[in-house]
Amino acid sequence: MAEQQSDRSERPEGSGEPFGPELGPLVDEVRRFAEAVGGKALEFGVRFRETNPEVYGHLAAAGGELLAAYRAAVAGHERRWSGPGHADSERIDVDGPSDNF
């Protein structure tokens, strides 16, 4: 319980509970859980990199290549979507008939 109070005292004064007072303890517990899992994942990653540097290097390179391929695919789609003549368009008059045509 004292640990919970120290977490709350770190918040800015007057900020209150961002998810309401009834969910505050649950949010604090989820935050502590995420920090613990993140710490263990980081510890595992460091240990894996130290024991298998060649495998880690290949996985890191593969991840970089996948990210580059994704960026290229998205950029290609964006060019097509935003380029001229992407799709025929039809003007829809939502204000009613007009003599300006």
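Residues numbered from 1 in each chain as written. Predicted model: local features only at pLDDT ≥ 70, side-chain atom pairs only at ≥ 80, totals over all residues. Heavy atoms only, no water.

1. Overview of the overall build of the protein
Item 1. When you go through the protein residue by residue, the secondary structure sums to three helices and zero strands.
Item 2. In the protein, the succession of helices and strands from N to C terminus is α-α-α.
Item 3. Burial status across the protein gives 7% buried among its 101 residues.
Item 4. Element-wise, carbon and sulfur atoms account for 59% of the exposed surface of the protein, whose accessible area totals about 8900 Å². (Helix = DSSP H or I, 4+ residues; strand = E, 2+ residues; numbered from the N terminus. Buried < 20%, exposed > 50% of the residue type's maximum accessible area, 1.4 Å probe, protein only. Areas by Shrake-Rupley, 256 points an atom, 1.4 Å probe, with all protein chains shown as cover.)

2. A word on the pattern of salt bridges
Item 1. Tallied over the full model, the rule gives four salt bridges.
Item 2. In this structure, R31 engages D28 in a salt bridge whose closest nitrogen and oxygen atoms are separated by 3.0 Å. Of this pair, R31 and D28 both sit in helix α2 (residues 24–51), three residues apart, which is roughly one turn of the helix.
Item 3. For R31, a relative accessible area of 37% gives the class partly exposed.
Item 4. D28 sits in the buried class, given a relative accessible area of 1%.
Item 5. K40 is paired through a salt bridge with E43; the nearest N and O atoms lie 4.0 Å apart. Pair noted here: K40 and E43 are both in helix α2, with a separation of three residues, about one helical turn.
Item 6. For K40, a relative accessible area of 56% corresponds to the exposed category. (Salt bridge = Lys/Arg side-chain N within 4 Å of Asp/Glu carboxyl O.)

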